[in-house]
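Examination of the molecular architecture
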Amino acid sequence: MDYFDQQEYLLMQILKDKLDSELYEYTKPELKQFYHKCYDEFDERAVHTDREGQPKLIKYNRYGEDISEIWVNEGYKKTVEDTYHTGIVGYVHKPIPQLGRKGNYLYSYAHGYLLSQVEPGFYCPVTLTMAVAYVIDEYADKNLKEKFLPHVLSTGDEELYEGATFLTERQGGSDVGANEVEAVKEGDHYRLFGEKYFASNSGQCGVAAVLARMKGSKSGTKGLSLFLIPWKQDDGSNNHIKVRRLKDKLGVRAVPSAEIELEGSKAYLVGEADKGFYYMMEALNLSRVCNATASTGIMKRALKEGYEYAGQRDAFGQKIINYSMVQETLANLQVRFEVQLSALFESIDLFDQVMRDRENRSTEEIAMNRLLIALMKAHTAKEAIDFSHEAIEMHGGNGYIEDFITPRLLRDAQVLTVWEGTDNILSLEVLRLMHKYRVHEIFISEMEQILSNIQVEDKYREKIAEYIKELTNMVLYIHDKDETVQTYHSRRIARYMTDIYLAVHALKRANDKREKRVAVLFMDWLFKIRGLDDEMIAVKHFEEIMNPQKRHVKV
């Protein structure tokens, strides 16, 4: 069995179930090739970029003129080229030549998950390019599509324009409605003035999606319009964009994040002037799925590093992987990863359906899509940090040394709790969905329906019922309360929903003996079931748990 088939057995089983046969048969060798390229080439380049080859600002040329160029190393450039050639962005929107049809988001996110195992920093620019491709394809007029879309979707056939989304301003942050960058009309285009405080992929993007405010527009988010800004003008000169400085970040050092000043930058209005914030929030949902995908990639790499290190590390006369506590730790990481990877791709399947055919999707599907994005993004980001911590501990002192990948995993994971919305912001999104769609009722009804159709041990059915009852009580309690009470409880409500969703999913996918054991271990971890564990499933069935490709016996 090829190493890819062994390592990514679960991913391919998920895709085999969710992709039609033609797309699956095309995707499998593509992912296998990309996996080997990630580990054989990208991984080494990522170490260099993180340690010695970080992006650098070239502020002035030899004549003292402000050119605001950003240097990246040659290995990073090669990773950029190799990644976009897979169609990770392009084949969501344009046909795969060999098939004569488009791919989909499942295809794209599968590549993103593999990429994030070795270079989650670069998956940020890919995410931004996906977001820009979406807003152009979905909302831009014909002229803008013709001007930019072939470049943003490039798979080697056109000059590549990577994307960027410039939202954050110093006075705003998550409060996007406080943004002040101004747009002034000039003929058939606009000029933008102001500063953006956290502009990721600066200098590398060919075009950025930027929120700005026209003169006389409303205050708050309703007054924001969305614009496309090319980084360079048609003659190749800088589009009046000055880079003040690059951010010195804890992790994801591959992506140049900058403070920039827009000094009359030429820009093009996207869609309707009063819907800019709406357009960007739709793109943000896409980016949140990318964030969760990156988190699962880091989880997988942390698990892989811990498992392989334990298998070769000697202590007290034997490999540490033979010790029961080590086996329990690794088995619990495996089941947590496995259930969350499966749950994430189930939510991506729904996301793909909604994004491609919104008009024919029910209100319930649209609401559940947004809910699951918020829940999975918040949860997986924290899990990526915990997995990285566990991998460091598994390595002992070596885990703290930069010669190993474990410190970088932890540094790169930490930003995922912040990018695309913190836990608090995502909890407020859940609260908005409750008000707009009564999504809690849709969610509870769907979870109860799934439970009614599967076999579940009484103790777990009772535990989930207990959580659903508590969730219902919280919703009833805050119903007529003021904003302070509702926001205070929104995070608790979101976390209860997450636990219920993951628990139900773990049970739903338990179709054979191994998966039933996975579900039991996951439920025990999720619901913090403690006390005597005389079954010791994690130890007695350790090899089976850790090697899903070696079994598939139906019961």
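What you see is a predicted model; the values in this text were computed from it and never measured.

Thresholds applied
Residues numbered from 1 in each chain as written. Predicted model: local features only at pLDDT ≥ 70, side-chain atom pairs only at ≥ 80, totals over all residues. Heavy atoms only, no water. 1 Å grid on protein atoms, 1.4 Å probe; cavity = no way out; pocket = protein on both sides within 12 Å on 5 of 7 lines; lining within 4 Å. Points joined across faces, edges and corners; volume = space filled by probe spheres on them. Helix = DSSP H or I, 4+ residues; strand = E, 2+ residues; numbered from the N terminus. Phe/Tyr/Trp six-rings, centres within 6.5 Å; stacked < 30°, edge-to-face > 60°. Buried < 20%, exposed > 50% of the residue type's maximum accessible area, 1.4 Å probe, protein only. Lys NZ or Arg CZ within 6 Å of the ring centre and 35° of its normal. Patch = residues over 30% accessible without salt bridge, like charges linked within 9 Å, V, L, I, M, F, W, Y side chains within 5 Å. Areas by Shrake-Rupley, 256 points an atom, 1.4 Å probe, with all protein chains shown as cover. Salt bridge = Lys/Arg side-chain N within 4 Å of Asp/Glu carboxyl O. Lys, Arg positive; Asp, Glu negative; His and termini not counted. Charge placed at Lys NZ, Arg CZ, Asp CG, Glu CD. Polar contact = N/O pair within 3.5 Å; in protein donor to acceptor, adjacent residues only side chain to side chain. Contact = heavy atoms within 4.5 Å. Axes fitted to C-alpha atoms, helices over the stretch in contact; angles between N-to-C directions. Parallel < 35°, antiparallel > 145°, perpendicular 65-115°, else oblique. Left-handed = near helix turned anticlockwise from the far one by under 90°. Nonpolar A, V, L, I, M, F, W, Y, C, P; charged D, E, K, R; others polar. UniProt positions renumbered as here; feature names shortened; annotations may be inferred. Core = buried A, V, L, I, M, F, W, Y, C linked by side-chain atoms within 4.5 Å. Domains from an automatic or database assignment.

Regarding empty space enclosed by the protein
- Per the stated rule, a full pass over the model turns up six cavities of 30 Å³ or more.
- The volume enclosed by the largest cavity comes to roughly 100 Å³.
- In this structure, the largest cavity is lined by Pro120, Tyr123, Cys124, Thr127, Val252, Ser287, Cys290, Asn291, Ala294, Leu416, Trp419 and Glu420.
- Of all the secondary structure elements, the ones that give two or more residues to the lining of the largest cavity are helix 7 (120-139) and helix 9 (276-312).

Structural notes on the packing of aromatic side chains
- In the structure shown here, the tally under the stated rule is 22 aromatic pairs.
- Plain terms: the ring middles of Tyr84 and Phe122 are 6.0 Å apart, the flat faces sit at 85 degrees to each other, and that makes the pair edge-to-face. Taken together, the residues Tyr84 in helix 4 (residues 74-84) and Phe122 in helix 7 connect sequence positions 38 residues apart. Comparing Tyr84 with Phe122, the two get one shared label, buried.
- Measuring from centroid to centroid gives 5.7 Å for Tyr134 and Tyr139, while their planes differ by 90 degrees, and the two rings are edge-to-face. Assigned by exposure class, Tyr134 and Tyr139 land together as buried.
- The ring of Tyr477 carries the charged tip of Lys481 above its face, separated from the ring centre by 4.2 Å.

Looking at unusual backbone geometry
- You will see that Lys528, though not glycine, has its phi angle at about 55 degrees, which is positive.
- By secondary structure assignment, the location of Lys528 is in the loop between helix 17 (513-526) and helix 18 (537-540).

What to know about a negative patch on the surface
- Among the surface-exposed residues, Glu328, Glu457, Asp458, Glu462, Asp533, Asp534 and Glu535 lie close enough to one another that they form a single negatively charged patch.
- Along the chain, the position of Glu535 falls in the loop between helix 17 and helix 18.
- Take Glu535: its relative accessible area is 47%, and that puts it in the partly exposed class.

Here we look at the side chain of His489
- Its location among the elements puts His489 in helix 16 (residues 483-508).
- Within polar-contact distance, the side chain of His489 engages the backbone oxygen of Val485 at 2.9 Å.
- Leave out the neighbours within four places in its chain, and His489 touches Tyr477 and Ile478.

A short note on the packing of helix 2 (residues 9-18) against helix 10 (residues 324-356)
- Two elements in contact, helix 2 and helix 10, have axes separated by 11 Å at closest approach and are oriented at 25 degrees. In terms of orientation, helix 2 and helix 10 fall into the roughly parallel class. The interaxial crossing formed by helix 2 with helix 10 has right-handed handedness. Every residue of helix 10 that contacts helix 2 at Leu10, Leu11, Ile14, Leu15 and Lys18 is listed here: Gln334, Phe337, Glu338, Leu341, Ser342, Phe345, Glu346 and Asp349.
- Its residues assigned to classes, the contact of helix 2 with helix 10 shows seven nonpolar, two polar and four charged.

Notes on the UniProt feature "domain: Acyl-CoA dehydrogenase/oxidase C-terminal" (unreviewed entry) in the chain
- In this numbering, the UniProt entry assigns the feature "domain: Acyl-CoA dehydrogenase/oxidase C-terminal" (unreviewed entry) to residues 274-430.
- Counted over residues 274-430, helix gives 76% and strand 3%. Its end C-alpha atoms are 24 Å apart.

Topic: the nonpolar core
- Judged by nonpolar contacts, the single largest core of 167 residues is most densely connected at Leu15, Tyr109, Phe345, Phe443 and Ile464.
- Formed by 22 residues, the second largest nonpolar core is a distinct cluster that contains Ile70, Val181, Ala183 and Met214.

Quick notes on the layout of surface pockets
- In this structure, the largest pocket occupies an estimated 1,300 Å³ of space.
- What lines the largest pocket is a set of 40 residues, among which Leu167, Val176, Met281, Leu284 and Arg288 lie closest to the centre.
- Elements supplying a minimum of two residues to the lining of the largest pocket: helix 7, strand 7 (189-200), helix 9, helix 11 (363-395) and helix 13 (423-437).
- A total of 10 residues in the lining of the largest pocket trace back to one element, the largest contributor, which is helix 9.
- Counted by class, the lining of the largest pocket contains 21 nonpolar, 10 polar and nine charged residues.
- There is about 750 Å³ of room inside the second largest pocket.
- Around the second largest pocket, the lining is made up of 32 residues, and of these Glu159, Leu160, Gln204, Cys205 and Gly206 lie nearest the centre.
- Breaking the lining of the second largest pocket down by element, the ones donating at least two residues are strand 2 (66-71), helix 4, helix 8 (142-152) and strand 8 (205-214).
- Top contributing element to the lining of the second largest pocket by residue count: helix 4, with six residues.
- Counting contributing residues, the lining of the second largest pocket receives three or more from each of domain 1 (3-153) and domain 2 (163-273).

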